[in-house]
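# Structural overview for review
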Amino acid sequence: MLAARFDGEFDDDEGRDDELRRELRKLATLNGGKTVNPRSPKQVSDLLYGPGSMGYDGNGGREPAGGRLGPTDKGTLRRILFGDGADSEWEDDEKALEKRKEVASAVLRCRELLSSTHASGGKKTASSSASSSSSSSSSSSRGSFGLGTASEFPTAGGDSDDQPLSVEVELPSLLDGRRQENVQVADSSSAAHNATIIGSADWHRWPLRGTWSEAAERNGAATTSRSFSSASSPSTEAYPSMSPFERTVMALFPDPPNADDGSATDEEEEEEDAPYVLDPYWIDPLLSLTKPAARSLVRQLRPDGCPMGYDPSASPVSNLRSRETGGSTTTPQKRTTALLGYVRSRKAERHPDAVVLVRVGDFYESYGVDALLLVEHCGLNPMAGKARAGCPWRNVQSTLDGLTSAGLRVAVYEEWNGEGADPTGGNGVGKLKTRYLSQVVSSANPTYLHGLVLNDDGGGSVEDHGGPSSASSSSPGRSYVGVLETSAGYALVEVSAEERTARVSERLTAEAASCRLAAYPPADPLFYVPASAATGAGASTRRTDRLPFLPWRQGRSPAPPSLSRLGGGAGADVGYAMGHKVRVKTLPPSLVVDPRPGLSDVERAKQTIVSAFLRLEDDSLPSRSPSSDGERRGAATHDDFALVASSGPSADAEPSSATEARPLHLETATQLGLMTDPAIPSLIASLLPDSAPASSRHFLRRWLLVPPPPDIADAMSRLVRNLKDECDRALPSLRAPPLGGRAISLIRAGQASAAVYREILSSLDAASEVLLLDEGEDSPESIVKPLMEILRHDTGIDNNSGSLRRQFLDATTMIESVVSTYNLEHSPHKSEQTGDEVDDLHQLDYISYHGDAVPPAFYERNEATWRGRVKPGALKHAHDVPLAAKRLARAIAVDFWGVDANALGDGSTVDLSTAKETKNPVLQDIFNNLLAMKSLPPWTKESESNYSENGKSPQYFHPRDRNGKVLRNRYTTELVQEAMSEYVEACANARSEVESVLTRLSWDLVDNGHLPAILQASHLNIILQTAAHHAASSNAKGWSTAAIYDEDSSAGHFEGVWPYWMDRSESVSNTFDLDGLFLLTAPNMSGKSTLMRSTAAAAHLINCGFCAPVDPGTWVRRFDSIFVRGASADVPTENKSAFGAEMGDVAALIRSCGRRSLVFVDEIGRGTSPKDGTSLAGAILEGMSESYMSGMFATHLHGILELPYSPEAEARLRKKRMAISEDFLGQPSWTYKMEDGVCTNSLALLTAAKFGLPGSILRRAEELSQYWSEEDLGGTAAKTSNDFGGLNGIQSAKSILEEAAGKSSSIQIPQGYMSPPSLEGVSCVYLLQIGNEEDKMRYYVGETDSLAQRLLQHRSKGEDWSYFSAVAIKMDDKSAARNVESLVIQRMARSGFNLVSVADGMSIRRPRRTQ
């Protein structure tokens, strides 16, 4: 609530005060005894026309909900008073009309008295008024789609109005307060005043739509009042802790908006009854500006008259003039352009909290606050030093990426080009071009889906393709997230706007929901649905800035000093590490879908959040083209979103009693290396090789953060085990591009280009081959079956492999019938000159070429934008281009080169051998897209025997540019001009047809239901990629799979577990039975924390179906949750000490863990006194043991060993220690091995000495230790040989390899396939057949322990190395592999094979003789 401040002494005119009292009492009497604020449009409208007349929908919005608009401006009130019929629409009877006149008279007089009273004080102030304190205090929450918690909204039945006054002041106080230095009469914004801002990294609250006094009240700070007008600066006394820049920003947001405050003159009101004002949403983005260029422009903004704050009359000089005042010194310009007026209306009416970008010719432009944000986040420069910025149309996507990465929404308006129906319904005014809203781009839909059909970039992930493209967003699409509070915990719904899926996780704890939000920050806003009980009397204690699932602790970067000084308290210093801010949008529980037979709780949660998302994003989905194809596609509904349930058994699984794993808590995920903490090794990096794509890493991280149901985890375990140990056949290419939701959204919007379709074809082909892997196999261990189980869980779409492959083939056929899969040829003239014939005219596409008469660059400029995308056979107008291009070449040859028209043959190539011109006379003007002569050659003035093809002598004249201006230094002829116009028009028609054909293909794919198959193909490839890369990496590192059991008395047996981030040869492994709760004591740096983290990671990986850093023979029990608590640090962003944060995590552990849980707790209680820490640690340990938790509890508080535990707890405690040995000098040495026993010597001085603490300090510490006592411390089946090029060569080489190795178990790897994961980590010999032409085949023989990496290195050499087939055979050891390699090289060389290198075959290594 922005507080009004009345400064100075006012004129003490008792008569005026008495009259004001009388008029206010009259209004109260007319209102049934309740106080009326004469400056509140809502209260006055309710009194004039009846409650709800302003059209308020009960949710804080101004969209009419059945009510009628009741104007309350001065002109309307005067017309009502004088009875000129202005209120006839509202007239009911004579009595009501008389009452309305009395109200109008009293309101006008009150406003006049208040205005004159304020003016007499010498300072213009914000308005003040009163409302009933009883209604404010007794109001309860109401449902709202506006921002803020339900508890902060008054009930619909209370006297809430539009919240103009939330603090009651009696009538005398309203008058007497004018003489006080600071009177707190707070007013709140009508536009969802209590929005909460949370950052993706830090996640703290900050009231954007609220006011500074409200922010101070929320955070326990003293309320600060202020008063300043649009032309004045906030005084230093009002904001003693503000910097001058912060005061300048706050001056732009006077409270309340002067829409109807009675202080404007009659002329101003007649010109603009409801002047535009800046939305308070922009307070935080403006305060967050860091670039000097953006900060300096703030002084040019004005608080009213423009919703962007743009002042056309401001100039860079204004920055200097206003330096002393801190505010704009300019007078708002009355006359503005039609474009600026249009932008202002769109901003105010539809996008008050979004950046507005408007297409203006070849640029996109923005004004005011929007322009400042472009300067700040996109690196653009202001235009002419004003608060105005823009970007070229080619760079619009990179500009949008900068804005959406900062958490902003951008409304993009396009110019209508006159094609199709007018998308605005014909609202163009005068010479103003017709513009329409194309799309609202946000972090959930970061790609601008407009004009992308003819682009050359694909729709895959930027991270997987190596860099961003100009046409598709470089920002990953975020999901909208809704959190529903239920009696069973939290239900979290993730809505992907691109893929149109809704992933639901049920029964989450606050910590698990916090982990999910911190790992994958959602799009703005975050939806929250409180429990039904939260809307009762006790709801006032629950606010969005205190919601327990918000991950406050994820950010460690300090806040901007401005926010920490503005009364924000601890909650003001977050959300700036990543620049992404998210608001909480509270939905009333009444919006939750009612239960009914056949509708599960998961489906109800999905429908609730998806419906809220669709209401919010009605403009974010791209506008359809105003063609008939676009119009027949209706708006999306919640039925269009596939349900993906992340908890509970899969839909096709039999009922099971298997234990289900819960999502990880935030602290656990951090300790296991699943969050971005540089101090903890990344678990994802250890699970996959460096060459694995980013899509696999993303899939793996989500899988581990939210573990799948038991049957799905078992399916992943079978898939990984089969790939790792059983699969000895080559796999289809695992480098298919991950399409993700971006390609799907491009198709759905009709904006998919040929490059996108080529990527889709690659994905469909790879997925089709994957589904054939099990054909002809008798082994019960398959790849396809577990893969399909995981796919159904991951996409929420049920299907079987046979029907899914048919869908893949159908989609492939439809795309291949239109899209050209061949590269565009730029120089077909070579084949024409040699007489070669084109094999497939329907496949190949060439840029026109008819000799050197026309510069090839001219043809390429006009044809490269559309050729090579669609098969020529699918086009009509494209066939007109070659004829027009040939005619243009002939015309230029005759009129520009001087070739005799009679000498031109009928061939396609124009012969210039008889040309009179020796130098090239043709000049290409790329800006005007024309060909001309720079000067007239002498031969043009010779005899008129040189005739053109039309039989007339050429007449040379000056052409015109694209704007109609004559080019005096250029020459052309009528024949050339006509031919060139015909050619350009033919190219334009062809381009339009190519675009139409590709768009129609998108609609056909949507209408025929192929999008789910395309999405499943992408997910199928990603799943197999992840499993295969993980299996290969596990073989290379020596990781093993392990058995898992649902019931067992022990938590598991770990055989040789070692740290996941270390190599097996460099680490120390431990073997133990986890048959209780280990009480682990050990010296410093002895490896106890490493052992705990390693064991927890291994158990979690095994539970999720992956390999782990353990030896064969390991087995674990299935756990419902794994909890890891590491060393503490203070959390200043939450005002928590290290001990406070530690206790909060322990409380979460006790709430969520039980007998089926695996827990690891390290160093509890060290943040307080030894006595209290030991007592607390002992009580926690006893409680964990009595709850039958399994795991490890490490401590340096040795007093815990002597505490008297209950018999039940004592029976499950196992005392362990990290073993210490002595070297030959008698010095202690760490073994990093766990053994039975206890350790009471922490060896702290020895550790301190290792880290360089001075000897004098160590000696004194040893002396002081004597004063302490213990008491004080208290596709298809495997490829056959026919799939290889050079059959005889590769088969002969294979025979030589098998003979030399003495084995017949070689494995063939076709071109483009990857090696089996079972060959990783073992020695093998391989041979390569390089090239595609049989007479140029070369061969290479090598040996390696990492075949996949070696093949990738060979392919990276390029040229013929990109096309090789391979044969590999597994060997017993490295020595044997080297010997076989040399033997094979020698024998192949003697057999006449063309070997790349024979150096390794010069000698045979003899094996060592064993003793």
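Report follows, based on the coordinates. (Residues numbered from 1 in each chain as written. Predicted model: local features only at pLDDT ≥ 70, side-chain atom pairs only at ≥ 80, totals over all residues. Heavy atoms only, no water.)

## Observations regarding the overall build of the chain
- In terms of helices and strands, the chain carries 43 helices and 32 strands.
- Going through the 1411 residues of the chain one by one, you find that 56% of them count as buried.
- Counting only carbon and sulfur atoms, one obtains 48% of the accessible surface of the chain, whose full area is about 59100 Å². (Helix = DSSP H or I, 4+ residues; strand = E, 2+ residues; numbered from the N terminus. Buried < 20%, exposed > 50% of the residue type's maximum accessible area, 1.4 Å probe, protein only. Areas by Shrake-Rupley, 256 points an atom, 1.4 Å probe, with all protein chains shown as cover.)

## Remarks on the pattern of salt bridges
- Counting across every chain of the model gives 35 salt bridges.
- Here the residues in one salt-bridge network are Glu1343, Asp1345, Lys1374 and Arg1378, joined through shared partners. (Salt bridge = Lys/Arg side-chain N within 4 Å of Asp/Glu carboxyl O.)

## Overview of the packing of aromatic side chains
- Taken as a whole, this structure holds 18 aromatic pairs when the rule is applied.
- When the ring of Tyr1326 is compared with that of Tyr1340, the centres are 6.3 Å apart and the planes differ by 35°; the resulting orientation is tilted. Of the two residues, Tyr1326 sits in strand β30 (residues 1320–1330) while Tyr1340 sits in strand β31 (residues 1338–1346), which places them 14 residues apart along the sequence.
- Ring pairs connect the aromatic residues Tyr480, Phe527, Phe613 and Phe641, which therefore count as one cluster.
- Looking at Arg702, its charged tip hangs above the ring of Tyr520, at a distance of 5.0 Å from the centre.
- Residue placement shows Lys1357 over the ring face of Trp1361; its charged tip is 4.1 Å from the ring centre. (Phe/Tyr/Trp six-rings, centres within 6.5 Å; stacked < 30°, edge-to-face > 60°. Lys NZ or Arg CZ within 6 Å of the ring centre and 35° of its normal.)

## Considerations on the packing of helix α24 (residues 710–726) against helix α27 (residues 784–795)
- Close contact between α24 and α27 brings their axes to 8 Å; oriented N to C, the two are set at 140°. Comparing the axis directions of α24 and α27 gives the class oblique. Here the hand of the crossing between α24 and α27 comes out left-handed. Together, Asp711, Ile712, Ala715, Met716, Arg718 and Leu719 of α24 and Pro786, Leu787, Glu789, Ile790 and His793 of α27 make up the contact between the two elements.
- Residue composition of the contact of α24 with α27, grouped by class: 7 nonpolar, 1 polar and 3 charged. (Axes fitted to C-alpha atoms, helices over the stretch in contact; angles between N-to-C directions. Parallel < 35°, antiparallel > 145°, perpendicular 65-115°, else oblique. Left-handed = near helix turned anticlockwise from the far one by under 90°. Contact = heavy atoms within 4.5 Å. Nonpolar A, V, L, I, M, F, W, Y, C, P; charged D, E, K, R; others polar.)

## Quick notes on the nonpolar core
- Counting 158 residues, the largest nonpolar core has Leu704, Tyr757 and Leu888 as the members making the most contacts within it.
- The element best represented in this core is helix α32 (residues 974–1007), accounting for 13 residues. (Core = buried A, V, L, I, M, F, W, Y, C linked by side-chain atoms within 4.5 Å.)

## Overview of the sheet that holds strand β19 (residues 1043–1045)
- If you trace the 4 strands from one edge of the open sheet to the other, you get β19-β23-β20-β21, paired in mixed fashion. This sheet does not close on itself; its edge strands, each paired only once, are β19 and β21 (1070–1073). In this sheet, adjacent strand axes meet at a mean angle of 25° when their direction is disregarded.
- Both strand β20 (residues 1052–1057) and strand β23 (residues 1115–1117) contribute to a ladder of 2 bridges, which runs antiparallel. Paired with His1053 across the strands is Trp1115, a residue of β23. (Pairing = 2+ DSSP bridges.)

## Focus on helix α2 (residues 41–49)
- Counting buried positions along α2 yields 9 of 9 residues, so the element is predominantly enclosed.
- Among the residues making up α2, those that are buried are Pro41, Lys42, Gln43, Val44, Ser45, Asp46, Leu47, Leu48 and Tyr49.
- N-capping of α2 is provided by Ser40, with a side-chain oxygen placed 3.2 Å from the backbone N of Gln43. (Polar contact = N/O pair within 3.5 Å; in protein donor to acceptor, adjacent residues only side chain to side chain.)

## Observations regarding α27
- Taking 1.5 Å of rise per residue, the 12 residues of α27 would be expected to cover 16 Å, and the 16 Å separating its terminal C-alpha atoms lies within 8% of that figure.
- Buried residues dominate α27, accounting for 11 of its 12 residues.
- Just downstream of α27, Gly796 is the residue with a positive phi angle, here 75°. (Expected span 1.5 Å × (residues − 1).)

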